[in-house]
Amino acid sequence: MAVRAEAPPVTWKRGRVASWLVTVDHKRIGIMYILTSIGFFALAGLLGVLMRAQLATPNEKFLTKNSYDEVMTMHGTTMIFLVVVPIIAGFANFLVPLMIGARDVAFPRLNALSYWLFLLGGIVLWGSWFATGGPAKAGWWSYPTLSEAQFSPGHGQDYWILSIHILTLSSLLGAINFIVTITNMRTRGMSWTRIPLFVWSILIFAVLLIVALPTLSAAVTMLLLDRQAGTHFFLPAQGGSIVLYQHMFWFFGHPEVYVMVLPAMGMVSEILPVFSRKPIFGYKAVAFSTVAIAFVSMLVWAHHMFTIGMPLGLDGFFMLSSMAVAVPTGVKIFNWLATTWRGNLQFDTPMLFVLAFIALFTIGGLSGLYLAAFPVDWQVNDSYFIVAHFHYVAFGGIVFALFGGLHYWWPKMFGRMLDERLGKTSFWLMFVGFNVTFLPQHMLGLLGMPRRVYTYSHGGLWEWYNLTSTIGSAITTLGVAVFIANVWQTHLLRKGVRAGNDPWLADTLEWYTTSPPPVYNFDTVPYVESARPLRDLRRKLAEET
Amino acid sequence: MPARVRGKLSLVVVTCCAVLATAGVAAASNGGFAPESPHSTNARRITSAYWLIFGLTAGVFVIVETVLVVFIWKYRSRGRDRTVEGAQVHGHTRLEVIWTVIPVGILAVIAAFVFYELPGIADAPAATDAIHVTVEAHQFYWQFDYPNGVRSINDLTVPVGRVVDLTVVSPDVVHSWWIPALGGKIQAIPGQTTHTWFRADAAGTYTGQCAELCGLYHAAMRARVIATTPQAYGTFIASGAAADLGRSEYVGACATCHGMHGEGGYGPNLQQSPLLAQPSGLEQRVRQGGIKMPPVGDTWTAGQMRALASYVRAHVYKGAASGG
């Protein structure tokens, strides 16, 4: 029934593969983003398991020195730039136009360019395994002078810089697209207090990217010039400053954390009410806390640098600002808890992941307070305590929310339900495996194990905690494998049950259209009268019959 | 349904028991629930700030997780259909204010305590007999310069009970000085000097290692602080050089790549290298580095070079390759 006004498309563009290569449809681009990111997640996850294998026992010789540093650098860089940020961009692509009742994003071709730049950036980074001297090995923040030509010869570091340039460009284009789409293309009746909280989080995600990313681009450009053009921005022997790079990197690096966390929180704020059969508790408080976290997150970067000997006044300022982030974060946690109060809780797989997010993110948030209190940070910074802390935030928090999102929106994206039994198995394996992996790392850090060491010689508790952690990583891997098996069974074996428009009885507009949605998204969009347009429709239908 | 719930519950209980059992063992050996037992006032004050935060965060943790588990249990569907709605509560302004203000209060307590403890952590006590030591962090060893020109590698010998004031520098990449029992970290940043201090309150050997990724052998960059009696320290400092300077130079700077006995490893085998028998050639190589070798000894004194030359001659060199 769709009105096709344009000229009939060129036939080759309709091929099964070619139609994906030339698409400018936000849903297909979103799906490509998500699947590519899952691919990189599997690769970078395997790198993580390799590191755990090397650290399982003292003086292990499985993956030594250079290889360990390469694997560690690629794991971190890939997880941040090729997994979490792009998978969020993928969800945002697929969901934002549907959630606000639009037919596509504001600039569909720019959107396609964003995706292809992301893929190119990923290929450049992973192609650097074949570079002279191997890939970058100075860690994901690549502090000079270690990342300068004298200490990192070969081209790995240059490919790393090139890939960061391509990926920041991709993210910036995407961010502009989301902001324009959200501000201009909302359907009738969808005021700022009626847009889904996930859309709020994507708006703030995009603003943060635009504010923070150029500083990273500048920092790595200066590093590239140092390496290739003979400048000395970061070479102290010629008057350069290493601390300048540290400031520039973390001015980007800390907002980047919230770039990743806020959309994950947005997903929680979508999924939790649906499976509690309730509205979100304190919509405005949750939306405003998103804005507040983003604002304060611009003022906390130097808490990554407490050990460089800053003036104590600055240490004090950055402690107070870092603690201030905890307040709106707490507001979110309490509102989510209140959302489950007197609900009718349905424990489908998405809900399990989201409840685990709340449990685990709380731990990651609280362990952050030890780092904000700068004298304590002097003790725990750069140790395994930090590794444990940010994995509780990034894996226990963000990745669990993303898995919740995958299970929740999978039927909308692909039209079939994932299997609940496999979904729950995968959840419990990941939940147990995650905690077994990362809880002991807090203790390792307090015992004095620094991060980024390829081996250690201590036996006793060091060995036990490390071995436990390695066993946990194997359990986690199994959990992810079960998820992949679930996808395999659902689609390739065609065992997945067809999803209707709205299998979860959800609240937001993406469930108004078919699963998967047609190219043009909606035949008509109802006038939006609240933040839960689909529930309004269900009630109207019930009244009429 | 209840049976499945019970199954999961028992899984959770078993996991908790296992965790508690492990925790008990670890706590018995004081392992990993607080920073390493402090042996300097700054480290002790950091540990007390740690315990304050631990107490408050543990309280918040228990409250949040308990509420979460209780709500999950209490408001589970019990077979109610998805179409049955929960209470349609949209919010509560007074609650929002309460759970904004209470965390602010908790954070204020932590911040106030940190500022209260800070002077005793950041500032070395005013002492006329403070010992000033320069810590030079290298890829991949630590070099210590004592007031009278004595040098040592990787082992810092200090007297118990005296303030040791450290000036930390690096000629190559960023490193981070960290002896957990004696206080927090401080980065060694090329082009800058940073400072920290400690006062060991008991004799003993305190170990630590570089905490900032500094390259290939980051993991091998270990340091020991040997706190000893004032008499033993006096003897050490009067000797003009660490008794085993040559050995500690070789072990700290050379053995990482060339092996403890020069047998080779990441770097080539040295046992038959003619360089070891020529002090001037050895000095040039150590000062300037080679193709892949960093200039490990670029700041070494003539005395250090002599000590190294005599040590490698006696303990590493096995004679020139025969027939070569």
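Quick caveat: nothing in here was measured; it's all calculated off a predicted structure. (Residues numbered from 1 in each chain as written. Chains lettered and ligands numbered in written order. Predicted model: local features only at pLDDT ≥ 70, side-chain atom pairs only at ≥ 80, totals over all residues.)

**Student:** Account for the overall build of chain B, with residues named and values stated.
**Tutor:** Secondary structure assignment for chain B yields 7 helices and 10 strands. Put simply, 68% of the contacts in chain B that link residues at least 6 apart link residues at least 24 apart. (Helix = DSSP H or I, 4+ residues; strand = E, 2+ residues; numbered from the N terminus. Contact = placed C-beta atoms within 7 Å.)

**Student:** Please give an account of the overall build of chain A that cites residues and values.
**Tutor:** Each helix and strand counted, chain A has 15 helices and 0 strands in total. Relative to a compact globule of 545 residues, whose C-alpha radius of gyration would be 24 Å, chain A shows 23 Å and is just as compact. The principal-axis extent of the C-alpha atoms belonging to chain A is close to 75 × 55 × 50 Å. Classification of the 545 residues of chain A by burial places 61% in the buried group. Of the contacts made within chain A by residues no fewer than 6 positions apart, 81% connect residues no fewer than 24 positions apart. (Rg over C-alpha atoms; globule rule 2.2 N^0.38 Å. Buried ≥ 20, exposed ≤ 12 C-beta atoms within 10 Å, placed from the backbone.)

**Student:** Quick rundown of the sheet that holds strand E8 (residues 194-198) of chain B? Include the residues and the values.
**Tutor:** Residue and element names in this part refer to chain B. On the basis of which strands lie adjacent, the open sheet formed by 5 strands has the order E3-E2-E1-E5-E8 and mixed pairing. Looking at the sheet topology across the chains shown, the edges are occupied by strand E3 (151-153) and E8. In this sheet, neighbouring strand axes are inclined to one another by 25 degrees on average, regardless of whether the strands run parallel or antiparallel. Pairing analysis gives 5 bridges linking strand E1 (residues 131-138) to strand E2 (residues 141-145), with the strands arranged antiparallel. (Pairing = 2+ DSSP bridges. Axes fitted to C-alpha atoms, helices over the stretch in contact; angles between N-to-C directions.)

**Student:** I'd like a rundown of unusual backbone geometry, residues and numbers included.
**Tutor:** With the exception of glycine, the majority of residues adopt a negative phi angle, and the majority of peptide bonds are in the trans configuration. Residue and element names in this part refer to chain A. The omega angle of the peptide bond from Pro-144 to Thr-145 is 0 degrees, so this bond is cis rather than trans. Tracing the sequence through the fold places Thr-145 in the loop between helix H4 (108-127) and helix H5 (156-184). The step from Ser-515 to Pro-516 runs through a cis peptide bond, and the omega angle for that step is -10 degrees. On the secondary structure map, Pro-516 appears in the loop between helix H14 (460-492) and helix H15 (533-544). For Ser-142, which is not glycine, the phi dihedral falls at a positive 45 degrees. Considering the arrangement of structural elements, one finds Ser-142 in the loop between H4 and H5. Of note, Arg-452 is a non-glycine position whose phi angle comes to about 65 degrees, a positive value.

**Student:** Tell me about the confidence of the model for chain A, residues and numbers included.
**Tutor:** Of all residues in chain A, 98% attain a pLDDT of 70 or more, and the chain-wide mean is 95. Averaged pLDDT values for the elements of chain A fall to 92 in helix H1 (residues 18-21) of chain A and rise to 98 in H4 of chain A. (pLDDT = per-residue confidence, 0-100.)

**Student:** Describe the interface of chain B and chain A, naming the residues involved and giving the relevant values.
**Tutor:** Contacts between the two partners involve 77 residues from chain B and, on the opposite side, 72 residues from chain A. Among the elements of the structure, helix H1 (2-28), helix H2 (41-74), helix H3 (93-122), strand E7 (186-188), E8 and strand E9 (204-209) of chain B are those that each provide at least two residues to the side of chain B that touches chain A. For the side of chain B that touches chain A, the element with the most residues is H3 of chain B, which contributes 14 residues.

**Student:** I'd like a rundown of the sheet that holds E9 of chain B, residues and numbers included.
**Tutor:** All names here are of chain B. The mixed open sheet is built from 3 strands, whose spatial order is E4-E10-E9. At either margin of the open sheet sits one strand with a lone partner, and together these are strand E4 (155-159) and E9. If you compare each strand with its neighbour and ignore which way they point, the axes differ by 20 degrees on average. Two strands pair when backbone bridges link them, and E4 and strand E10 (residues 222-228) are joined in this way by 5 bridges, in the parallel orientation. When the bridges of E10 are listed, Val-158 appears paired with Ala-227.

**Student:** Which residues make up helix H3 (residues 65-99) of chain A, and what values do they have?
**Tutor:** The α-helix advances 3.6 residues per turn, and as a result positions three or four apart in sequence lie on the same side. Residues and elements named next belong to chain A. Look at H3: 48 Å from first C-alpha to last across 35 residues, which is about the 51 Å you get at 1.5 Å a residue. If you look at H3, its biggest bend is around 35 degrees, right at Thr-78. For H3, the buried fraction is high: 30 of the 35 residues fall into the buried class. Two residues or fewer past H3, Gly-101 is found with a positive phi of approximately 75 degrees. (Expected span 1.5 Å × (residues − 1). Bend = angle between axes of the 7 residues up to and from the residue.)

**Student:** Explain the domain arrangement of chain B to me, and be specific about the residues and the numbers.
**Tutor:** All names here are of chain B. When cut into domains, chain B gives domain 1 (2-81 + 88-122), domain 2 (131-238) and domain 3 (245-315). If you average the C-alpha positions of domain 2 and of domain 3, the two centres end up 22 Å apart. The partner domain 3 presents 12 residues to the 13 residues of domain 2 that form the contact. (Domains from an automatic or database assignment.)

**Student:** Requested: an account of the packing of helix H2 (residues 26-55) of chain A against H3 of chain A, with residues and values cited.
**Tutor:** Working note: a packed helix pair is described by the angle between its axes plus the distance between those axes. Residue and element names in this part refer to chain A. Across the interface, H2 lies against H3 with an axial gap of 7 Å and an inter-helix angle of 155 degrees. By the angle class used here, H2 and H3 are roughly antiparallel. Considering only the axes of H2 and H3, their crossing is left-handed. Per-class residue counts for the contact of H2 with H3 are 24 nonpolar, 10 polar and 1 charged. (Parallel < 35°, antiparallel > 145°, perpendicular 65-115°, else oblique. Left-handed = near helix turned anticlockwise from the far one by under 90°. Nonpolar A, V, L, I, M, F, W, Y, C, P; charged D, E, K, R; others polar.)

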